[in-house]
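Letter by letter, the chains look like this.
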Amino acid sequence: MNSRAEARGASLDTLKLVAAAFLLVGGIVAFYLLKPLSTLLAVVGLLIITGVAAFAVFKTERGRTLWQFAGDARMEVRKVVWPSRQETIQTTLVVIVMVLIVGIVLWLFDMMLMGILRFLTGQGG
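Predicted model only: the values in this text are computed from it and were never measured. (Residues numbered from 1 in each chain as written. Predicted model: local features only at pLDDT ≥ 70, side-chain atom pairs only at ≥ 80, totals over all residues. Heavy atoms only, no water.)

**Points about the overall build of the protein**
Line of reasoning, step 1. Counting its secondary structure elements, the protein contains four helices and zero strands.
Line of reasoning, step 2. Its C-alpha radius of gyration of 29 Å places the protein more than 25% over the 14 Å reference for a compact globule of 125 residues.
Line of reasoning, step 3. Principal-axis analysis of the C-alpha atoms gives the protein an extent of 85 × 45 × 40 Å.
Line of reasoning, step 4. Per-residue burial for the protein yields a buried fraction of 7% across its 125 residues.
Line of reasoning, step 5. Expressed as a percentage of contacts within the protein between residues at least 6 apart in sequence, the contacts between residues at least 24 apart total 53%.
Line of reasoning, step 6. In the form shown here, the protein has an accessible surface area of approximately 10,800 Å², with 74% of it arising from carbon and sulfur atoms.
Line of reasoning, step 7. With 12 positive and 7 negative side-chain charges, the protein shows a spacing of 9 Å between the two charge centroids. (Helix = DSSP H or I, 4+ residues; strand = E, 2+ residues; numbered from the N terminus. Rg over C-alpha atoms; globule rule 2.2 N^0.38 Å. Buried < 20%, exposed > 50% of the residue type's maximum accessible area, 1.4 Å probe, protein only. Contact = heavy atoms within 4.5 Å. Areas by Shrake-Rupley, 256 points an atom, 1.4 Å probe, with all protein chains shown as cover. Lys, Arg positive; Asp, Glu negative; His and termini not counted. Charge placed at Lys NZ, Arg CZ, Asp CG, Glu CD.)

Below, the structure is given as structure tokens:
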């Protein structure tokens, strides 16, 4: 009996997801049909339909899992120790200097290889 209830719940979730997809497609079509009449009306209508579709999605098992994941991610972001402004500026300057140094070294290496190639092919004059 439990497996039958799970199958019914899964099919109901699938039905909700399909309905949400149809709502979104219908909302996009309505947006483009209403836009020549009133842009404000088109945007408000699209936002309302998107909200209803999101509500339907979050009533499914996948939607609840997604909402839980978003909450967990937000909690983890709060735990991050962000660098100070001074640390960010110093790190940025180190990256810029290293990029310049590597660029110059690669340019010199390219010039050296081009000189060797010209010498070997006899185009160096």
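**What about helix α2 (residues 39-58)?**
Line of reasoning, step 1. Taking 1.5 Å of rise per residue, 20 residues should cover 28 Å, and α2 covers 28 Å from first to last C-alpha, within 8% of that figure.
Line of reasoning, step 2. Inspection of α2 places Ala42, Ala53 and Ala56 among the buried residues, and these make up the whole buried set. One face of α2 carries all of its buried residues, which in axial projection span an arc of 55°. Exposed residues on α2 whose side chains face more than 90 degrees from its buried face are Leu40, Leu47, Ile48 and Phe55. (Expected span 1.5 Å × (residues − 1). Arc of directions from axis to C-beta.)

**Considerations on the UniProt feature "transmembrane region" (unreviewed entry) in the protein**
Line of reasoning, step 1. The positions UniProt marks with the feature "transmembrane region" (unreviewed entry) are residues 12-34, 40-58 and 88-109.
Line of reasoning, step 2. In this annotation, residues 40-58 is assigned 100% helix and 0% strand; the end-to-end C-alpha distance for the span is 27 Å. (UniProt positions renumbered as here; feature names shortened; annotations may be inferred.)

**Considering the pattern of salt bridges**
Line of reasoning, step 1. Counting across every chain of the model gives two salt bridges.
Line of reasoning, step 2. Residue Glu76 pairs with Lys79 through a salt bridge whose shortest N-O separation is 3.3 Å. Of this pair, Glu76 and Lys79 both sit in helix α3 (residues 61-79), three residues apart, which is roughly one turn of that helix.
Line of reasoning, step 3. On the accessibility criterion, Glu76 (44% relative accessible area) is partly exposed. (Salt bridge = Lys/Arg side-chain N within 4 Å of Asp/Glu carboxyl O.)

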